[in-house]
Amino acid sequence: MKYHLATYGCQMNEYDSAMIAQMLMRHGATPVLEPDKADVIIVNTCSVREKAEDTAIARIFQFKPLKQANPDLKIIIVGCMAKNKGEELLKRLKFVNYVVGPDQYRKIPELLFSPSRKRLCLLDFDSQENYVGESANLLTPFSTHITIQRGCNKRCSYCIVPYVRGPEKYRCAEDILREVSEAARAGVSEVMLLGQTVNAYRDGNENFASLLNRVSEIEGIKRIRFTSPHPRHYTRDLLEVLTQNSKICHHAHIPLQSGSNAILKKMRRQHDMETYYGIIDYLRSADPLYHISTDIICGFVGETETDFEQTLEAVQKVQFDTAFMFVYSPRRGTESFLETEILSENEKKERHTRLTEIQNAITLKRNQLMLGRKETLLVERASSRDAEEMMGKTDNFKKVIFKPEGIVKPGDYVRCKIDDIRGWTLRGTLVENEQE
Ligand code: SAH
Ligand code: SF4
Ligand code: F3S
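Given the structure is predicted, the values throughout are model-derived calculations rather than measurements.

(A) Seen up close, the side chain of Lys 348. Among the secondary structure elements, Lys 348 is positioned in helix 14 (residues 345-368). Within the structure, the side chain of Lys 348 is placed 2.8 Å from the side chain of Glu 341, a separation counted as a polar contact. The contact partners of Lys 348, leaving out residues within four places of it in the chain, are Cys 298, Gly 299, Val 327, Tyr 328, Pro 330, Glu 341 and Leu 343.

(B) Representation of the packing of helix 12 (residues 273-286) against helix 13 (residues 305-318) in the model. Where helix 12 meets helix 13, the axes come as close as 11 Å, and the angle between the chain directions of the two elements is 15°. In terms of their interaxial angle, helix 12 and helix 13 are classed as roughly parallel. In this structure, the crossing between helix 12 and helix 13 has a hand that is right-handed. The segment helix 12 lies against helix 13, with Met 273, Tyr 276, Tyr 277, Ile 280 and Arg 284 engaging Ala 314, Lys 317 and Val 318. Classifying every residue of the contact of helix 12 with helix 13 gives six nonpolar, no polar and two charged.

(C) Summary view of the pairing of strand 20 (residues 413-422). Pairing geometry for strand 17 (residues 374-382) and strand 20, over five bridges, is antiparallel. Pairing of Leu 377 across the sheet is with Val 414, part of strand 20. Both strand 20 and strand 21 (residues 425-430) contribute to a ladder of six bridges, which runs antiparallel. When the sheet's bridge partners are listed, Arg 422 is paired in strand 21 with Thr 425. Remark: two residues form the turn of the hairpin made by strand 20 and strand 21, two consecutive strands paired antiparallel; Gly 423 in that turn has positive phi of roughly 65°.

(D) The arrangement of the nonpolar core in detail. Among the nonpolar cores identified, the biggest contains 88 residues, and Leu 193 and Leu 212 are the most heavily contacted of them. The greatest single-element share of this core, amounting to eight residues, is contributed by helix 1 (residues 11-26). Mapped onto the domain boundaries, this core takes at least three residues apiece from domain 1 (2-122) and domain 2 (143-368). Excluding its chain neighbours within four sequence positions, the residues that come into contact with Leu 193 are Ile 146, Ile 148, Val 198, Phe 208, Leu 211, Leu 212, Val 215, Ile 224, Arg 225, Phe 226 and Thr 227. Residues Ala 56, Leu 73, Leu 90 and Leu 123 belong to the second largest nonpolar core, which totals 21 residues.

Criteria and thresholds
- Residues numbered from 1 in each chain as written.
- Chains lettered and ligands numbered in written order.
- Predicted model: local features only at pLDDT ≥ 70, side-chain atom pairs only at ≥ 80, totals over all residues.
- Heavy atoms only, no water.
- Helix = DSSP H or I, 4+ residues; strand = E, 2+ residues; numbered from the N terminus.
- Polar contact = N/O pair within 3.5 Å; in protein donor to acceptor, adjacent residues only side chain to side chain.
- Contact = heavy atoms within 4.5 Å.
- Axes fitted to C-alpha atoms, helices over the stretch in contact; angles between N-to-C directions.
- Parallel < 35°, antiparallel > 145°, perpendicular 65-115°, else oblique.
- Left-handed = near helix turned anticlockwise from the far one by under 90°.
- Nonpolar A, V, L, I, M, F, W, Y, C, P; charged D, E, K, R; others polar.
- Pairing = 2+ DSSP bridges.
- Core = buried A, V, L, I, M, F, W, Y, C linked by side-chain atoms within 4.5 Å.
- Buried < 20%, exposed > 50% of the residue type's maximum accessible area, 1.4 Å probe, protein only.
- Domains from an automatic or database assignment.

These figures capture arrangement, not role.
Here you go:
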């Protein structure tokens, strides 16, 4: 059986797709890049904003002619939109065979190898399902993601994730360490731990700080990243581990959402700006080049011009290395969906444009601060512009383009002096026989 897998949404969906891939390969299936060569097409979907759902639906429609040409083709929708829309998808998309929610992935191989033509929707939440014992297919031979927490217990008023992913569940520490160790034995040296509020992790006596330390003790692991931490769960212990354990990269994606305390409260974010600045101050005092990225929502329901200006001020004050900036998208089923929006789509977009301009200048400035530094890069791939050059990332998650000498391959660590910047892109020269 040949399968084609298309993935939308966040890293958690990427991990799940890699896990589904592993389950299918264990059953003898092989992946194909071309959907028209597949016996099975799986689309892993996202629901976080309306546009995410529209994109997935448009993609799924592209598979309709393939199904018409080959009635034996099985098409399956998984992920957050599967859970969100459920039966409606089966009704609307007659060419789709199965709709499977995030806690039912173990059933996928059975469904796909079954001769039955019955169309099915499997959506139940399962509070015990942490996919213990599973290992996802590695993202790359040298770097991979590992989910340690599923679902979310927060109820941010704009957010659909808790409804489609269910309540928070923590994977047991031993199973996480097993998967990281297996990956390390296979050659992985960088791991990204995943969860919607990843730093809320706990399992018996283990918390996120202690788990990070245990992961760092695994032979072969050189770099540890994680996403997304929630500002509410940065404990003193955690901050200390983050700045003291040299294997934990100086890189964090800490969603801000808004710079206005009034809006944060309306969003039910469970943190205020004082808490947020406290975390940033701690990390950036330890290392001024600590990479901090964020998520910001523009034009949330009830956001006044003053609230928005406070977001702009916060962005200036924090100096984010990068930011993912979104126009607020009301999601049916969430608390804020019930509130009437005052801002038009254009007004929301206009705020998004203003914010983007400011952030772009800051991103450039933060990259410029890297000039003159000697850094270790984990080499990822050939440069997309010039096949004779390669791209690697620093500990603080900056991309650097360099010209390799001799044999340099993805997964290698090299030392580089960052000596140029073109546009936003840093460039470096290999350093040899360095005396530290
Ligand atoms: N668990 C993470 C966020 C997951 S969703 C956290 O709490 O930080 C990723 C991002 O999508 C969010 O940080 C938010 O900025 C954005 N987002 C979520 N719901 C949205 C909505 N209804 N409209 C616009 N952006 C939204
Ligand atoms: Fe959504 Fe909030 Fe949970 Fe993040 S913490 S997934 S924004 S509800
Ligand atoms: Fe989207 Fe689901 Fe992730 S809604 S952002 S794919 S958890």
